[in-house]
Amino acid sequence: MKKAMKVIGMIVLVIVALAAVLLAKGFIESKKPSIKDDYYRDFSSSASLEQKYSQLGEYEVSSFDDPSDNEAIKKVRCWYPEELANNNSKYPVVVVVNASGTPAVKYEPWFKRLASWGFIVVGNEDPQAGTGETTSTMLDYLLNLPQDHILDGRLDKDNIGIVGFSQGGAGALAAVTMYDNGEVYKTIFTGSAAYPFLAGNMGWKYDVSMIKIPYFMAAGTGETDDKGVPDITKEYAGVAPLASLVENYEAISDNVFKVRARATGAEHEDMLARSDGYMTAWLLYQLKGDTEAASVFVGEDAEILHNNNWQDVEKNK
């Protein structure tokens, strides 16, 4: 009995420690200044497609905010190709799940850059989005817009993707697998998604084996993502250790196109910018059928396989 109580006590201490780390991280991130408007100009890659897709696309971008009755969401925030106001075209949609303490207002230039590639990109102000609940609520709003809304009839509902970083990566996985409307998503990208042991202890549970759509999972090699601990289920191992990416990858059916890769030398906080190029390529490939973007991932000569910016790459197509 005493031994069992001791084990329970140790587990509780681990959970408390994990909570403290994530809450402290969220507080620090919430105090950071917003990324600068042209942040993407600081990135340079010798891989031609990574460089191309890390920069601005060809579309001019406009944006708007819709107030939400949901206290956590506060605002549904949309960035979209400006030409939308003058045509009848439909555009693929990217739903974004925030990292800890990082509402959309903190990284607006990131949304704008992604929208410049021809996407309607949607986020909100929830600083704790790990359960996927507010993302599901936001998706319901998008799928049932009023008839006089600027985006009514303009969403390509057959091509909706979801993206999440850190806590938001766990939230994205939950949004796809734990909610009925998760079935509308066509693809998913996560950057340094909180690994299952960490996510579960924080109340952000997800079951990656339920993923049935193409999935690109990325993380950094730095210590903040991977501390190199021997057993990632017994102590905090960083936010997204390699061992967890391997386990998640293997848990997904081989019938699903899946890619895992780590950005060489990237720390956890670097992943937003470091993954821009290939995240954008993935979304262009999956949501717009872009064959050039597909060449980053598909085949034995895929660019990601020969890019020194990335390592530990595994894919099944």
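Remember, it's a predicted structure, so these values are computed and weren't measured experimentally.

Engineer: Please clarify how helix 5 (residues 167–177) should be interpreted in this entry.
Structural biologist: What sets the pattern is the α-helix's 3.6 residues per turn: residues three or four places apart point alike. Here helix 5 lies mainly inside the structure; eleven of its eleven residues are buried. Within the span of helix 5, buried status applies to Q167, G168, G169, A170, G171, A172, L173, A174, A175, V176 and T177.

Engineer: Would you explain helix 9 (residues 276–288) in this entry?
Structural biologist: Between the first and last C-alpha of helix 9 there are 17 Å, a value that for 13 residues agrees with the 18 Å anticipated at 1.5 Å per step. Helix 9 sits mainly inside the fold: twelve of its 13 residues count as buried. Of the residues making up helix 9, those classed as buried are D276, G277, Y278, M279, T280, A281, W282, L283, L284, Y285, Q286 and L287. Where helix 9 terminates, the next one or two residues include G289, which has phi positive at roughly 65 degrees.

Engineer: How do you make sense of the pairing of strand 3 (residues 91–97) when you look at a structure like this?
Structural biologist: On a regular strand, each side chain points to the face opposite its neighbour's, so the side chains alternate between the two faces of the sheet. Of all seven residues that make up strand 3, seven are buried, and the element is covered over most of its length. Across six bridges, strand 3 lies against strand 5 (residues 155–165) in parallel orientation. Residue pairing for strand 5: V95 is matched across the bridge by I162. As defined by bridge partners, strand 3 adjoins strand 4 (residues 120–124) across three bridges and the pair is classed as parallel. When the bridges of strand 4 are listed, V93 appears paired with I120. Note on the crossover from strand 3 through helix 3 (residues 108–115) to strand 4: the handedness is right-handed.

Engineer: Looking at this model, I keep getting lost on the packing of helix 3 against helix 9. Mind explaining?
Structural biologist: Two measures define how a pair of helices packs: the angle their axes make with one another and the distance between the axes. Contact geometry for helix 3 and helix 9: axes closest at 11 Å, N-to-C directions at 45 degrees. Considering the angle they form, helix 3 stands oblique to helix 9. At the point where helix 3 passes helix 9, the crossing takes the right-handed sense. For the pair formed by helix 3 and helix 9, the contact residues are W110, R113 and L114 on the first element and D276, M279, T280 and L283 on the second. For the contact of helix 3 with helix 9, the class distribution of residues is four nonpolar, one polar and two charged.

Engineer: Please explain the packing of aromatic side chains as it appears in this structure.
Structural biologist: When we look at a pair of aromatic rings, we describe it by the centre distance and by the angle of the planes. Enumeration according to the criterion identifies 20 aromatic pairs in this entry. Ring centres 5.7 Å apart and planes at 55 degrees place the aromatic pair F216 and W282 in the tilted group. Here F216, found in strand 7 (residues 215–220), pairs with W282, found in helix 9; they are 66 residues apart in sequence, far enough to count as distant. For F216, a relative accessible area of 0% corresponds to the buried category.

Engineer: Even after reading the chapter, I still don't get empty space enclosed by the protein, so can you show me in this structure?
Structural biologist: Throughout the structure, instances matching the rule amount to two cavities of 30 Å³ or more. Taken as a whole, the largest cavity spans an internal volume of roughly 70 Å³. Forming the walls of the largest cavity are 14 residues, and the residues nearest its centre are T190, A193, Y215, L245 and N248. Taken together, the elements giving at least two residues each to the lining of the largest cavity come down to strand 7 and helix 7 (242–251).

Engineer: What is the right way to look at the environment of A261 in this model?
Structural biologist: Along the chain, A261 falls in strand 8 (residues 258–263). Sequence separation between A261 and M217 is 44 residues, and the spatial gap between their C-alpha atoms is 6.6 Å.

Engineer: In this structure, what is going on with the nonpolar core? I would like to understand it.
Structural biologist: In terms of nonpolar packing, the biggest core is built from 53 residues, with I120 and I162 touching the most fellow members. At six residues, the largest contribution of residues to this core is made by helix 5. Excluding residues that lie within four positions of it along the chain, I162 makes contacts with V95, V97, T135, A172, A175, V176, Y185, T187, I188 and F189. Grouped together as the second largest cluster of nonpolar side chains are 45 residues, Y107, F111, L114 and Y278 included.

Engineer: Got a minute to help me understand the environment of N181 in this structure?
Structural biologist: Among the structural elements, N181 can be located in the loop between helix 5 and strand 6 (185–191). A relative accessible area of 12% places N181 in the buried class. Only 3.0 Å separates the side chain of N181 from the side chain of D140, close enough to count as a polar contact.

What counts and what doesn't
- Residues numbered from 1 in each chain as written.
- Predicted model: local features only at pLDDT ≥ 70, side-chain atom pairs only at ≥ 80, totals over all residues.
- Heavy atoms only, no water.
- Buried < 20%, exposed > 50% of the residue type's maximum accessible area, 1.4 Å probe, protein only.
- Helix = DSSP H or I, 4+ residues; strand = E, 2+ residues; numbered from the N terminus.
- Expected span 1.5 Å × (residues − 1).
- Pairing = 2+ DSSP bridges.
- Right-handed = clockwise from strand over helix to strand, strands pointing away.
- Axes fitted to C-alpha atoms, helices over the stretch in contact; angles between N-to-C directions.
- Parallel < 35°, antiparallel > 145°, perpendicular 65-115°, else oblique.
- Left-handed = near helix turned anticlockwise from the far one by under 90°.
- Contact = heavy atoms within 4.5 Å.
- Nonpolar A, V, L, I, M, F, W, Y, C, P; charged D, E, K, R; others polar.
- Phe/Tyr/Trp six-rings, centres within 6.5 Å; stacked < 30°, edge-to-face > 60°.
- 1 Å grid on protein atoms, 1.4 Å probe; cavity = no way out; pocket = protein on both sides within 12 Å on 5 of 7 lines; lining within 4 Å.
- Points joined across faces, edges and corners; volume = space filled by probe spheres on them.
- Core = buried A, V, L, I, M, F, W, Y, C linked by side-chain atoms within 4.5 Å.
- Polar contact = N/O pair within 3.5 Å; in protein donor to acceptor, adjacent residues only side chain to side chain.

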